[in-house]
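Each chain, written out:
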Amino acid sequence: MGRRSRKRGESTRAERDAARRERAATAQTPPRARRRTGERPPAPWGSFPLSELIVLLGIVLILWGAVRGSGGEEMIAAGLVIASLGGGELALREHMGGYRSHSSLLAGVAALVAVTVVALGLGPVKIWVLLVLGAAVFGATFYAMRELFKRRSGGLGFR
């Protein structure tokens, strides 16, 4: 007796097994990691380019303060702060979404904030105290952010 031809739409056993393994792997990964690899996490405010506009505003303030000359130091400082906030928001969103690891950047910001608050709040403090505080905050925040990224990205330490 001759071989029967397969009906269209049927697949081989290997193809069915591969599809079954893929479905099982997808079910075990967290929902945030199911997104395509090249896709950034969406902004909470939709498609409006708020971060980009904030960075642009910061750049404009920096340039305006530089052109102004004397008396423009405040504008330069404000522009740096505003542009850093725009970039920091994007870094935090990408990190929390498991898209790209920004552990070092976020830990550095936390250490800078902690050292600044202590230096301005307590008055004159020895420099070694600020260095130890900054290193401790950086280390703890780096470890916490790294572990958070591993959970959000489906187990990857960096991307």
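First, a word on what this report is: a plain description of the structure on this page. Fair warning: this is a prediction, and the values are worked out from it, not measured in the lab.

### Details of the packing of aromatic side chains
- Applying the stated criterion to the full structure yields one aromatic pair.
- Taking the centre distance of 6.1 Å and the plane angle of 15° together, the rings of Phe-138 and Phe-142 count as stacked. On the criterion of helical spacing, the pair formed by Phe-138 and Phe-142 is a turn pair, its members being four residues apart in helix α5 (residues 127–152).

### As for a nonpolar patch on the surface
- Side chains of Trp-45, Phe-48, Leu-50, Leu-53, Leu-56 and Val-60 sit close together on the surface and give an oily, nonpolar patch of about 530 Å² of accessible area.
- Inspection of the secondary structure assignment puts Val-60 in helix α2 (residues 50–68).

### What about the environment of Trp-45?
- In this fold, Trp-45 is placed in the loop between α1 (13–28) and α2.
- For Trp-45, the contacting residues outside a window of four places in its chain are Leu-50, Ser-51, Glu-89 and Arg-93.
- Of note is the side chain of Trp-45, whose polar atom sits 3.1 Å from the backbone oxygen of Phe-48.

### Details of helix α4 (residues 103–122)
- Here α4 contains 20 residues, and its C-alpha end-to-end distance of 28 Å stays within 8% of the 28 Å for a straight helix at 1.5 Å per residue.
- Among all positions in α4, only Ser-103, Leu-106, Ala-107, Ala-111 and Ala-114 are buried. In an axial view of α4, the angular spread of the buried residues amounts to 140°, which keeps them on one side of the axis. In α4, the exposed positions that point more than 90 degrees away from the buried face belong to Leu-112 and Leu-120.
- Packing partners of the buried residues in α4 comprise α3 (73–96) and α5.
- Positioned one or two residues after α4, Gly-123 has a phi angle of 85°, which is positive.

What counts as what
Residue numbers here run from 1 along each chain, matching the order of that chain's written sequence. In keeping with the model being predicted, local features are shown solely for residues with a pLDDT of at least 70 and side-chain atom pairs are shown and tallied solely at 80 or more, while totals for entire chains, interfaces and linings include all residues. Each side-chain value is derived from all of the structure's non-hydrogen atoms; neither hydrogens nor water enter the calculation. Centres within 6.5 Å are what make two rings of Phe, Tyr or Trp a pair, Trp counting through its six-membered ring; a difference in plane orientation under 30 degrees is then read as stacked, over 60 as edge-to-face, and the rest as tilted. Runs of E in the DSSP output that reach at least two residues are strands. Runs of H or I that reach at least four are helices, and both are numbered from the N terminus. Exposure above 30% relative accessible area and no salt bridge define the residues that can form patches, which grow by joining like charges within 9 Å and nonpolar side chains of Val, Leu, Ile, Met, Phe, Trp and Tyr within 5 Å. Each accessible area value is a Shrake-Rupley result obtained with a 1.4 Å probe; residue values ignore everything except the protein chains displayed when judging cover. The working definition used for a salt bridge is a side-chain nitrogen of Lys or Arg within 4 Å of a carboxyl oxygen of Asp or Glu. Contacts are assigned to residue pairs with any non-hydrogen atoms lying within 4.5 Å of each other. Each polar contact in these results corresponds to two N or O atoms within 3.5 Å; when the atoms are within protein, one needs to be able to donate a hydrogen and the other to accept it, and residues that are neighboring in sequence are counted only if both atoms are side-chain atoms. For a helix, the expected span equals 1.5 Å multiplied by the residue count minus one. Buried, partly exposed and exposed residues are distinguished by accessible area as a fraction of the type maximum, computed with a 1.4 Å probe on protein chains only: under 20%, between the cut-offs, and over 50%, respectively. Directions from the helix axis toward the C-beta atoms define the arc.

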